[in-house]
Amino acid sequence: MSLPVLYIGNRRFSSWSLRAWLVLQKSGIEFETRLIPLNEGETRSAISEISPGGTVPALHTADGVIWDSLAICEWAAERKPDLWPAQDMLRARARAAVSSMHAGFLSLREHCPMDLCREGVYKDLDDVTQMDIAVMQALWHDVMTPAGEFMFGEWSIADAFFTPVASRFRSYAVELHSEAQSYCDTLLSEKDYLDWHSKAQLEDYTNPYENPL
Ligand SMILES: N[C@@H](CCC(=O)N[C@@H](CS)C(=O)NCC(=O)O)C(=O)O
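If you're wondering where the values come from, they're calculated on a predicted model, not measured in any experiment.

Parameters at a glance
Residues numbered from 1 in each chain as written. Predicted model: local features only at pLDDT ≥ 70, side-chain atom pairs only at ≥ 80, totals over all residues. Heavy atoms only, no water. Salt bridge = Lys/Arg side-chain N within 4 Å of Asp/Glu carboxyl O. Helix = DSSP H or I, 4+ residues; strand = E, 2+ residues; numbered from the N terminus. Buried < 20%, exposed > 50% of the residue type's maximum accessible area, 1.4 Å probe, protein only. Core = buried A, V, L, I, M, F, W, Y, C linked by side-chain atoms within 4.5 Å. Domains from an automatic or database assignment. Contact = heavy atoms within 4.5 Å.

(A) Representation of the pattern of salt bridges within the structure. Summed over all chains, the structure comprises 8 salt bridges. Where Arg 12 meets Asp 115, a salt bridge forms, and the shortest distance between an N and an O atom there is 2.7 Å. Taken as a pair, Arg 12 in the loop between β1 (5–8) and α1 (15–27) and Asp 115 in the loop between α5 (106–111) and α6 (127–143) lie far apart in primary sequence, 103 residues in all. Accessibility expressed as a relative area gives 4% for Asp 115, which makes it buried. Between Lys 199 and Asp 195 there is a salt bridge whose closest N-O contact spans 3.2 Å. Here Lys 199 and its partner Asp 195 are both found in helix α9 (residues 191–201), 4 residues apart, which amounts to about one turn of the helix.

(B) Highlighting the nonpolar core. Counting residues in each nonpolar core, the largest one holds 59 residues, and the members touching the most others are Leu 6, Met 136, Trp 140, Met 151, Ile 157, Phe 162 and Phe 169. Those elements giving two or more residues to this core turn out to be β1, α1, α3 (69–79), α4 (88–103), α6, α7 (157–171), α8 (178–188) and α9. Considering each element in turn, this core owes the most residues, 8 residues, to α7. Three or more residues apiece are contributed to this core by two domains, here domain 1 (5–81) and domain 2 (82–197). What Phe 169 contacts, discounting residues up to four positions off in sequence, is Leu 108, Ile 133, Met 136, Trp 140, Val 174, Leu 176 and Cys 184.

Don't take any of this as a statement about function, it's just geometry.
In C-alpha cells form, the structure reads like this:
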C-alpha cells in the first residue's frame, strides 16, 4: 500500500508545514514528503491541485486528503494518542494552547514571518507585536509543567505548534524571560527540527521577505 504523502511549502518559510511534519515525524507513522515552492508563478495552481483548502500542508492518505496543519495533527493523534498529554485536563489545556497559536498571535505572525535562514537579526517591533510576545510568554508560563522540558512534560502537539515561534524569536533576536528562552532553546535543539532546519538552508527559492527586514 502506498504511504501517506505530506505536501509542504518551503522548509525555510512554511511554519504550518513544519508543525504538521514535526508531528508526523514524532508519530512514527511512515510518510513521504513532497515540497511545493511558495511564491512562484505556478504556486497557486500547484497547491490547488493537491489541497482542497488551497494551502499547504496537505496530507494525502489512502482514504482521502486532509488539509490544514491542525487537522493533520489530529489525524495522527487518532492513530498515536500519546501525541497529546495523557491526563484529560492537560490534554484540554494543550488543545487550548494549540488553538491560540492556530488562530491568534496575528501581529507576531505578520511582522516576524518564519525565515530559517535569518539568525539573530534584530527588528524593531510595534506595540501590538510586543503585546503578542508578552501574551505568548504568559501562556507558556501558565501551562509549563515545572518538571518537564516541554510544555506539558512530555513532547506533544503543543510543542510542535510553538516550535516555529521559537525560531522566529531567534531569527529576530527577541529578548525573552529566562523560562521562555530555555523552552525555545529546548525546541530548537530537537533532532527533527535540526534536520528540517539544515534542509531549509539548502533551498534556493524566492524570498518573499527581502524588503521588510
Ligand atoms: N490554517 C492553515 C494555514 C496554512 C497556510 O497558510 N499555508 C501557507 C504556507 S505556510 C500557504 O499554503 N499559502 C499559500 C500560498 O502561499 O500560495 C494550516 O494550519 O495549515
